[in-house]
Amino acid sequence: MTNSIPEIEDADCIFVTGSNTTVAHPLVAHRIYRAKAKGAKLIVADPRRIHLASMADVYIRQNLGSDVAMLNGIMNIIIANGWHDQTFVDERTEGFDKFLEVIKNYTPERASEICGVSVEDLTRVAELYARSEKSTILYAMGITQHSHGVDNVKSLANLAMLTGKIGKPSTGVNPLRGQNNVQGACDMGGLPNVYPAYQAVTDEGVKKKFENAWQAQLSGKVGYTIMEMMHGLEDGSVKGMVVLGENPVGSDPDVNHVKHALQSAEFLAVIDIFLTDTAKLAHVVFPATAFAEKEGTFTNTERCVLRVRKAVDPPGEARPDWQIICDLSTRFGLPMSYASPEEIFREIASVAPSYAGLSYERLDKGPIPWPCPTADHPGTPILHTERFARGKGLFHAIEYRPPEELVDDEFPMQLTTGRFFPHYHTGTMTRNSPSLHKEMPEGHIELHPADAVDLGIKDGEYARIVSRRGEVETKVLLTDQVDRGTIFMSFHFMEANANVLTNAALDPICKIPEYKVCAVRVEKLDATSGATAAG
Amino acid sequence: MNLNFVRTTCPYCGCGCELLLEVLDGKLVGTLPSKTNPMNQGKLCIKGWNCHEFIHNSERLATPLIRKNGNLEPASWDEALDFAAGRLRELKEQHGGDSVAFLTSAKCTNEENYLLQKFCRVGFETNNIDHCARL
Ligand code: SF4
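This is a predicted model, so every value here is computed, not measured.

Parameters and conventions
Residues numbered from 1 in each chain as written. Chains lettered and ligands numbered in written order. Predicted model: local features only at pLDDT ≥ 70, side-chain atom pairs only at ≥ 80, totals over all residues. Heavy atoms only, no water. Helix = DSSP H or I, 4+ residues; strand = E, 2+ residues; numbered from the N terminus. Rg over C-alpha atoms; globule rule 2.2 N^0.38 Å. Buried < 20%, exposed > 50% of the residue type's maximum accessible area, 1.4 Å probe, protein only. Contact = heavy atoms within 4.5 Å. Areas by Shrake-Rupley, 256 points an atom, 1.4 Å probe, with all protein chains shown as cover. Expected span 1.5 Å × (residues − 1). Arc of directions from axis to C-beta. Pairing = 2+ DSSP bridges. Axes fitted to C-alpha atoms, helices over the stretch in contact; angles between N-to-C directions. Near = heavy atom within 4 Å. Buried area = accessible area lost by both parts, 1.4 Å probe. Salt bridge = Lys/Arg side-chain N within 4 Å of Asp/Glu carboxyl O. Polar contact = N/O pair within 3.5 Å; in protein donor to acceptor, adjacent residues only side chain to side chain. Nonpolar A, V, L, I, M, F, W, Y, C, P; charged D, E, K, R; others polar. Core = buried A, V, L, I, M, F, W, Y, C linked by side-chain atoms within 4.5 Å. 1 Å grid on protein atoms, 1.4 Å probe; cavity = no way out; pocket = protein on both sides within 12 Å on 5 of 7 lines; lining within 4 Å. Points joined across faces, edges and corners; volume = space filled by probe spheres on them. Parallel < 35°, antiparallel > 145°, perpendicular 65-115°, else oblique. Left-handed = near helix turned anticlockwise from the far one by under 90°. Domains from an automatic or database assignment.

**Observations concerning the overall build of chain B**
Looking only at helices and strands, one finds three helices and seven strands in chain B. Going from the N terminus to the C terminus, chain B shows its helices and strands as β-β-β-α-β-β-α-β-α-β. The C-alpha radius of gyration of chain B comes to 20 Å, more than 25% above the 14 Å expected for a compact globule of 135 residues. Overall, chain B is about 55 × 30 × 25 Å in size when its C-alpha atoms are taken along their principal axes. In chain B, which comprises 135 residues, the proportion classed as buried is 62%. The long-range fraction of contacts in chain B, counting pairs at least 24 apart against all pairs at least 6 apart in sequence, stands at 31%. Counting only carbon and sulfur atoms, one obtains 49% of the accessible surface of chain B, whose full area is about 4800 Å².

So, in structure tokens, the structure goes:
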């Protein structure tokens, strides 16, 4: 996030898109409620009529995958009415002319035709967002999980720069990270193209620095992304894999493909707290510790570094993950020894400039947001106040591209995916928690009542969902939260997992799979097969 | 009876609410929200309130496992670590470091993520490391 969570409550206008905030980030939703109570305007743009939509001042339901066209249309309207911030554009940004060329082609009428939102509604959104003083954008996986996810994110950045709604309190472009430590995993260099603190592996100077720090020979070649690893396992270029606390069988699109890939591995090691579907395929499994059993830090979506502390001992012979990695590395022939997570953190601070001023001693007094370059620096809740990381903010000229997989006669409906409130990710933790399991013991799809009539399916009955990649059987709940022609499903339930169906088409730049749109067919199950699905 | 409270951070979503784990005689019995954290200010969602529940689940892995004759069977730490380290060394020697790939975790700590990417980059001279941020 460019700004902190508490700031949201002082915004004048909150634009939420592709985030089912009340479910996925309840404590962010709480700030939205407070802002509303203080008089803020709420704009929600989501193909699904999520709970927040019911309290929005303007709710627009764009067609699945049409975000770029919608946002370009909104920006066209802002410019046409002179609602943009020319001073900010002149002083802080570049690339505006090229951007303008593209935006010109997205007349309100054309944008409206592509995204399915009326010109009138697009205009209301444009005016509310641009003319409120403090406007903030909140988005999540509904924006990024597309084959054109990077385009969507850049379009949101364009919108904020165009109107100067960035670098000030209660503004900004704010991605809500799904998992607790996604931010930290990225910060730590858990990515194929960067070392810790986003230092590029392809930069000779950076490579030298890390070769010195680690006393090692390093590769300057960008590595494989997760989906490329899976393809590599299948074509034999990748032979072995080590998986730490992840369950790609289940969380990756096209489960059958991922399973096949992992089964092709000559060697698979998994470090986890449960025997997940991924661990079941491993050659060796190491029992690890859960959050309550170890010391360390997490970094939340507002870039705050927070302490994790040990409360209880792990079960049986389970060991802290950091010790497992040290032992494995040492026996492999690369001796690694640290006395404690705190010692590891000191090394992190020495190589990651944005963490340089942080220490356990400081964090024990409370969370601190990075960048925190020195020991006396208070941390940085708001990014880009004076300048952008690259100097000037760059406008990107972005054309709309339709989603990869369109509906046809055989697969006439669209499937989109997300979370349900009591559960989390592949359900490994929440479904093993009695209170959360009770809230929602089995998976289901959401189907529009009118579609249900056409298909002859009643509320609570079972159906088979078929895509080009696989099929699942699951319960059907009728709701107008989804639009006609669209169904919604989660990936919390391994026995009825949306990712058996989803499309692995990737965004060409960041390689995010297209979870949010794929074509499916819904078939009514007769009573007997329904009973099996229920059992 | 020994009751104490340990301040820590919720393991679920990216909000990062701080909370207090209630520990009775070495077992987790409850969760309370932190009142002093400026972000969650004494509040948690349903997941946070119940985040202690999966910890003592009987399905938790408690011993290393090695695949023998097709099945995963309990093994000692020495056996499991030597087996894994040996296989990884063989793969690197026979096919080069790029033949091995690492998935690190958006659920693990910064320290653990840092170590795994260091093991990957230094031990195998490859940048084949990713995680599920895209997912
Ligand atoms: S308590 Fe709820 S809102 Fe807070 S971090 Fe945990 S899951 Fe997120």
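So much for the structure itself; the text now carries on.
**Some details on helix H9 (residues 149-162) of chain A**
All names here are of chain A. Given a rise of 1.5 Å per residue, 14 residues ought to cover 20 Å, and the 20 Å separating the end C-alpha atoms of H9 matches this to within 8%. Of all the 14 residues making up H9, 11 are buried; the element is thus mostly covered by neighbouring parts of the structure. Taken together, the buried positions of H9 are Gly149, Val150, Asp151, Asn152, Ser155, Leu156, Asn158, Leu159, Ala160, Met161 and Leu162.

**Some points on helix H11 (residues 204-214) of chain A**
What H11(A) keeps buried is the set Val206(A), Lys207(A), Phe210(A), Glu211(A) and Trp214(A). For H11(A), the angular spread of buried residues about the axis comes to 135 degrees, placing them on one side. Against the buried residues of H11(A) lie strand E7 (194-195), strand E8 (199-200) and helix H16 (341-351) of chain A together with helix H3 (110-124) of chain B. Once H11(A) ends, the next one or two residues include Gln215(A), with phi positive near 50 degrees.

**What about the sheet that holds strand E2 (residues 18-24) of chain B?**
All names here are of chain B. Spatially, three strands are ordered E1-E2-E3 in an open sheet, and the strand pairing comes out antiparallel. Strands at the two margins of the open sheet, each flanked by one partner only, are strand E1 (3-9) and strand E3 (27-33). Here the strands of the sheet are splayed against their neighbours by 30 degrees on average, with no regard to which way each runs. Pairing geometry for E2 and E3, over six bridges, is antiparallel. If you follow leucine 21 over to E3, its bridge partner there is threonine 31.

**Overview of the site of the ligand**
The environment of the ligand is formed by Pro26(A), Leu27(A), Cys10(B), Tyr12(B), Cys13(B), Cys15(B), Gly16(B), Cys17(B), Leu44(B), Cys45(B) and Gly48(B). The residues that come close to the ligand belong to more than one chain, namely chains A and B.

**Notes on the interface of chain A and chain B**
At the junction of the two partners, chain A supplies 142 residues and chain B supplies 96 residues. In this assembly, chain A packs against chain B so that about 10500 Å² is buried in total across both faces, 64% of it on carbon and sulfur atoms. Where chain A touches chain B, the interface holds six salt bridges. Across the pair Glu347(A) and Lys118(B) runs a salt bridge whose closest N-O atoms are separated by 2.8 Å. Taken together, the links from chain A to chain B amount to 56 residue pairs in polar contact (both at pLDDT 80 or more). Of the residues in the side of chain A that touches chain B, the class split is 82 nonpolar, 35 polar and 25 charged. Relative to strand E4 (residues 65-68) of chain B, strand E11 (residues 284-287) of chain A runs antiparallel, the two sharing two bridges. Directly across from Val285(A), in E4(B), lies its bridge partner Leu65(B).

**A word on the nonpolar core**
Phe286(A) and Phe119(B) are the most contacted members of the largest nonpolar core, which totals 107 residues. Contact partners of Phe286(A), with chain neighbours within four places excluded, come to Val270(A), Ile271(A), Asp272(A), Ile324(A), Leu328(A), Trp77(B), Ala80(B), Leu81(B) and Ala84(B). Counting residues in hydrophobic clusters, the runner-up holds 43 residues, among them Met229(A), Val255(A), Ile465(A) and Ala498(A).

**Thoughts on empty space enclosed by the protein**
Taken as a whole, this structure holds four cavities of 30 Å³ or more when the rule is applied. One number sums up the size of the second largest cavity: a volume of about 200 Å³. Along the walls of the second largest cavity sit 18 residues, with Ile273(A), Thr289(A), Ala290(A), Met429(A) and Lys107(B) positioned nearest its centre. Of the residues contributing to the lining of the second largest cavity, the split by class is nine nonpolar, five polar and four charged.

**Some remarks on the pattern of salt bridges**
What the rule picks out here adds up to 38 salt bridges over all chains. Note that Lys294(A) is salt-bridged to Asp321(A), the shortest N-O span being 3.1 Å. Of this pair, Lys294(A) sits in the loop between E11 and strand E12 (296-299) while Asp321(A) is found in helix H15 (residues 321-332), placing the two residues 27 residues apart along the sequence. Take Lys294(A) and Asp321(A): they sit in the same class, and that class is buried. Between Asp78(B) and Arg331(A) there is a salt bridge whose closest N-O contact spans 2.7 Å. With Asp78(B) in helix H2 (residues 77-95) and Arg331(A) in helix H15, this pair bridges two chains. Salt bridges linked by common partners bring Glu410(A), Arg464(A), Glu471(A), Glu473(A), Arg521(A) and Glu523(A) together as one network.

**Considerations on the sheet that holds strand E7 (residues 129-130) of chain B**
With respect to topology, seven strands assemble into an open sheet ordered E5(B)-E4(B)-E11(A)-E10(A)-E9(A)-E6(B)-E7(B), the strand pairing being mixed. Each edge of the sheet is formed by a strand with only one pairing partner; in this case those strands are strand E5 (71-74) and E7 of chain B. Both strand E10 (residues 267-272) of chain A and E11(A) contribute to a ladder of four bridges, which runs parallel. Looking at E11(A), one finds that Val270(A) is bridged to Val285(A). Taken strand by strand, H15(A) contacts strand E9 (240-244), E10 and E11 of chain A, and its axis lies near 135 degrees from that of E11(A).

**Describing the packing of H15(A) against H3(B)**
Two elements in contact, H15(A) and H3(B), have axes separated by 9 Å at closest approach and are oriented at 15 degrees. On the basis of their axis angle, the class for H15(A) and H3(B) is roughly parallel. Considering only the axes of H15(A) and H3(B), their crossing is left-handed. Here H15(A) contributes Asp321(A), Trp322(A), Ile325(A), Cys326(A), Leu328(A), Ser329(A) and Phe332(A) to the contact with H3(B), which in turn contributes Glu112(B), Leu115(B), Leu116(B), Phe119(B), Gly123(B) and Phe124(B). For the contact of H15(A) with H3(B), the class distribution of residues is nine nonpolar, two polar and two charged.

**Section: the packing of helix H3 (residues 67-80) of chain A against helix H5 (residues 96-104) of chain A**
Think of two packed helices as two axes; the pair is described by the angle between the axes and how far apart they sit. Residue and element names in this part refer to chain A. Between H3 and H5, whose axes approach to 9 Å, the crossing angle comes to 105 degrees. As far as their axial angle goes, H5 and H3 are roughly perpendicular. The residues of H5 that touch H3, namely those facing Asn72, Met75, Asn76 and Ile79, are Phe99, Leu100, Val102, Ile103 and Lys104.

**Focus on the domain arrangement of chain B**
The domain architecture assigned to chain B consists of domain 1 (3-49), domain 2 (61-95) and domain 3 (96-135). One C-alpha centre belongs to domain 1 of chain B, the other to domain 2 of chain B; they are set 36 Å apart.

**Some points on the side chain of Thr21(A)**
Residue and element names in this part refer to chain A. If you trace the backbone, threonine 21 turns up in helix H1 (residues 21-24). Of the residues examined, threonine 21 reaches a relative accessible area of 0% and is grouped as buried. A distance of 2.8 Å separates polar atoms of two side chains, one belonging to threonine 21 and the other to serine 19. Look past the residues within four positions of threonine 21 in its chain and what remains in contact with it is Val16, Pro26, Val28, Ala29, Ile32, Leu52 and Leu176.

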